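# Fold and geometry: a report
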Amino acid sequence: MSRTFVGMPPFPTAARSSTKDGQLRANLTHATHTIRDKRAKAVAELDDWAELREAGKRIKDHTLRHLDHYLEQLEASVTAAGGQVHWAADAAEANRIVTELVRATGETEVVKVKSMATQEIELNEALAKAGISAYETDLAELIVQLGDDLPSHILVPAIHKNRSEIRDIFQDAMGRWGRPAPEGLTDRPAELAEAARLHLREKFLRAKVGISGANFMIAETGTLVVLESEGNGRMCLTLPETLISVVGIEKVLPRWQDLEVFLQLLPRSSTAERMNPYTSTWTGTSDGDGPQRFHLVLVDNGRTDTLADTVGRQALRCIRCSACLNVCPVYERAGGHAYGSAYPGPIGAILTPQLRGVESELDASLPYASSLCGACYEVCPVAIDIPEVLVHLRERVAEGGGHRDGHRVEGAVMRATTWLFDHPAALGAVERAAGAMRGLVPRRLPEKLPLPGPAKAWNDSRDLPELPEESFRDWWKKREQRGSGE
Ligand code: SF4
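Residues numbered from 1 in each chain as written. Predicted model: local features only at pLDDT ≥ 70, side-chain atom pairs only at ≥ 80, totals over all residues. Heavy atoms only, no water.

Moving on, we get to the site of the ligand. Around the ligand, the structure places Cys 318, Ile 319, Arg 320, Cys 321, Ser 322, Cys 324, Ile 347, Cys 380, Pro 381, Val 382, Ile 384 and Ile 386. For the shell around the ligand, the per-class residue count stands at 10 nonpolar, one polar and one charged. (Near = heavy atom within 4 Å. Nonpolar A, V, L, I, M, F, W, Y, C, P; charged D, E, K, R; others polar.)

So this is what it looks like as structure tokens:
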């Protein structure tokens, strides 16, 4: 069973140890640079990428504005097609619903197609407590599960492992979970893929219950859509007798036609492919074809609260392509585990603190896990202004919505600055005093100055800005006087 993120330290602490791991950094640098270069070429092939990006943004924004309407339409469509819809307000309720649905089948094993929503609610762990084994079937998820590890990337959860590490995991752990790895397994990709194929086939043919997520849900038809590259997901979606799909409420789209936009945006942004290798769609149940029982569990788990935030709600546009991770200099050095949640990288830094709140030390640290370089915004196929949301969330943390110890100094500075800007006379006096003292202020504070922790760190990496001789307002007043005298 893979571990959970519960009890992870705040980002700076976790990143301090991960940045010292040379192997991890080498694996990540190689993988992210390869994907980002391929993505840039795939995107450059399309003349209308900017229009597609705008269309994706508009469809998502429209849907989020009318989310209640489209979710009700989706429920009616799924029910009419023979499925059953369940509503889960939080992770505990979602886990309870899924556990009861599996128990009702009498089974104690399920196969899973990769699903961020089930990682978010830690479904595997909840099922394990109920005596139900959940087998991951996405290759990278399988590596994470066999290695008793945590996922570190949205698209490639085992991105932090290289081929020889994967070979070792297969040799050590496959036998404990089912069919062992073949004798003499090497780290050649074809051999590793064949070992996984044989191991998984046994599970596909035995499983009576499948659990999936979905990339999109179409309100007008009640259709769910999964995009994947290996075909393992398709086995999970078609072979079992019961299919349970666990999906965040923000994944709904109004119409079939909307898929046209996202089936272009997502593959090019994620795997740099022109077209997705396996796109599976299913609508309710059909006699004699595929699962005969279909349940859709719609998960809120903080999404409605996120929707209420006029700046932060844009995070719900995310289509989980992972392009923002692959260009982020902070992610590249710190790795995905440092973010302490199912959603790592820039999107994790804005989504997790909104879904979970900023009360814990870890969640309050996430909006600061960025250099604000803006590369994430540039590549995002649905134009989420991640830097804007990061700054917005930092404000929330600094104002006391978060872990108070971590950002008390910043909160005090912000309150003092607000007061100063509200009192023009005091601001003018401070500016004049600063101008008069400019000769006394060194460009760089001496290192020996006994500055406390955060202030020292701030000073170590910055030069002080040069103070002007006079304030802007004094300069303006003089200019006006000169002008009226002419
Ligand atoms: S925020 Fe944008 S770039 Fe990042 S995973 Fe989501 S859709 Fe992709």
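Now, onward.
We now examine helix α10 (residues 189-206). The end-to-end C-alpha separation of α10 is 26 Å, in line with the 26 Å expected for 18 residues at 1.5 Å each. In this fold, the buried residues of α10 make contact with β2 (109-112), β3 (133-136), α8 (139-146), α9 (163-177) and α11 (232-238). (Helix = DSSP H or I, 4+ residues; strand = E, 2+ residues; numbered from the N terminus. Expected span 1.5 Å × (residues − 1). Contact = heavy atoms within 4.5 Å.)

Membership of the largest hydrophobic core comes to 106 residues, with the highest contact counts inside it found for Phe 170 and Leu 296. Ile 121, Ala 134, Val 246 and Val 297 belong to the second largest nonpolar core, which has 19 residues in total. (Core = buried A, V, L, I, M, F, W, Y, C linked by side-chain atoms within 4.5 Å. Buried < 20%, exposed > 50% of the residue type's maximum accessible area, 1.4 Å probe, protein only.)

Take the environment of Arg 36 next. Here Arg 36 lies in helix α2 (residues 22-44). Classification of Arg 36 by relative accessible area gives partly exposed; the value is 23%. Apart from the residues lying within four places of it in its own chain, the contact partners of Arg 36 are Asn 326, Val 327 and Glu 332.

Summarising the element assignment, Ser 115 is placed in the loop between β2 and α6 (116-121). Aside from chain neighbours lying at most four places away, what touches Ser 115 is Ser 212, Gly 213 and Val 246.

Attention now moves to the state of the cysteines. Tallied over the full model, the rule gives zero disulfides. Unpaired in terms of disulfides, Cys 373 finds its nearest cysteine sulfur in Cys 376, a separation of 6.1 Å. Note on Cys 376: relative accessible area 8%, which makes it buried. (Disulfide = S-S within 2.5 Å.)

Turning next to the sheet that holds strand β5 (residues 216-218). The four strands are arranged β8-β5-β6-β9 in an open sheet whose pairing can be described as mixed. Because the sheet does not close on itself, it has two edges, and the strands there are β8 (252-253) and β9 (278-283). (Pairing = 2+ DSSP bridges.)

Right, let's talk about the packing of aromatic side chains for a bit. Scanning the entire structure with this criterion turns up eight aromatic pairs. Ring geometry for Phe 472 and Trp 475: centres 5.7 Å apart, planes at 35°, overall tilted. Taken together, the residues Phe 472 and Trp 475, both in helix α23 (residues 472-485) and three residues apart, mark about one turn of the helix. Aromatic side chains Trp 475 and Trp 476 sit 6.1 Å apart centroid to centroid with 50° between the ring planes, which places their arrangement in the tilted category. On the basis of relative accessibility, which here comes to 37%, the residue Trp 475 falls in the partly exposed class. Connected via pairs of aromatic rings, a cluster forms that spans Phe 11, Tyr 331 and Tyr 339. One residue, Lys 60, lies across the ring of Phe 262, its end atom 5.9 Å from the ring centre. Positioned over the ring face of Tyr 135 is Lys 203, at 4.5 Å from the centre of the ring. (Phe/Tyr/Trp six-rings, centres within 6.5 Å; stacked < 30°, edge-to-face > 60°. Lys NZ or Arg CZ within 6 Å of the ring centre and 35° of its normal.)

Considering the arrangement of structural elements, one finds Ser 365 in helix α17 (residues 361-365). Judged by its relative accessible area of 9%, Ser 365 is buried. Counting along the chain gives 29 residues from Ser 365 to Arg 394, while the straight-line C-alpha distance between them is 8.8 Å. When near neighbours in sequence (up to four residues on either side) are disregarded, Ser 365 contacts Pro 10, Phe 11 and Pro 12. A polar contact of 2.6 Å, which involves the side chain of Ser 365, links it to the backbone oxygen of Leu 362. (Polar contact = N/O pair within 3.5 Å; in protein donor to acceptor, adjacent residues only side chain to side chain.)

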